[in-house]
Amino acid sequence: QVQLVESGGGLVQAGGSLRLSCVASGSIFSSADMAWYRRAPGKQRELVAQISFGGGTNYEDPVKGRFTISRDNAKNTVYLQMNSLKPEDTAVYYCNAVIKVTTFTVNNYWGQGTQVTVSS
């Protein structure tokens, strides 16, 4: 079982920065593909950024060039550095871990979410 705990959310003015952290319990973090998702008010949850267990990254278009995802396997932690924040980045941000169990099976874990509010 993996537990994910996010932190670092808050209220920031447009143009500001925040760094989100997600600490994972368990000893299999280094083999997990990690991601950040967000859910804005009235919208569905959407992918923000991904980082594979090997360190490869992927960003969705709305955050490219502004957000950076990284991981520290020694600390079982994944980060999301958010710069040049915009009001439309306001959302609850969720940490996600995907762990391959077999060739055809994965386990999916979610954190409880952390609120990010960007004022204009």
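Structure: see above.
Overview of the structure. (Residues numbered from 1 in each chain as written. Predicted model: local features only at pLDDT ≥ 70, side-chain atom pairs only at ≥ 80, totals over all residues. Heavy atoms only, no water.)

Bringing the nonpolar core into the picture now. In terms of nonpolar packing, the biggest core is built from 31 residues, with Leu4, Met34, Trp36, Val78, Leu80, Met82 and Tyr93 touching the most fellow members. Residue assignment for this core shows that the elements contributing at least two residues are β3 (18-24), β4 (33-39), β5 (46-51), β7 (67-72), β8 (77-82), β9 (91-102) and β11 (114-119). For this core, the element with the highest residue contribution is β9, accounting for five residues. Residues in contact with Tyr93, not counting those within four places in the same chain, are Glu6, Leu20, Trp36, Tyr37, Arg38, Val48, Phe67, Leu80, Met82, Gly113, Thr114 and Val116. (Core = buried A, V, L, I, M, F, W, Y, C linked by side-chain atoms within 4.5 Å. Buried < 20%, exposed > 50% of the residue type's maximum accessible area, 1.4 Å probe, protein only. Helix = DSSP H or I, 4+ residues; strand = E, 2+ residues; numbered from the N terminus. Contact = heavy atoms within 4.5 Å.)

A few words on the environment of Ser17. Turning to its location among the elements, Ser17 is positioned in the loop between β2 (10-13) and β3. Placed 68 residues apart in sequence, Ser17 and Leu85 show a C-alpha to C-alpha distance of 6.2 Å. Not counting residues within four places of it along the chain, the set of residues in contact with Ser17 comprises Val12, Gln81, Met82, Asn83, Ser84 and Leu85. In terms of polar contacts, Ser17 uses its side chain to reach the side chain of Asn83, at 2.9 Å. (Polar contact = N/O pair within 3.5 Å; in protein donor to acceptor, adjacent residues only side chain to side chain.)

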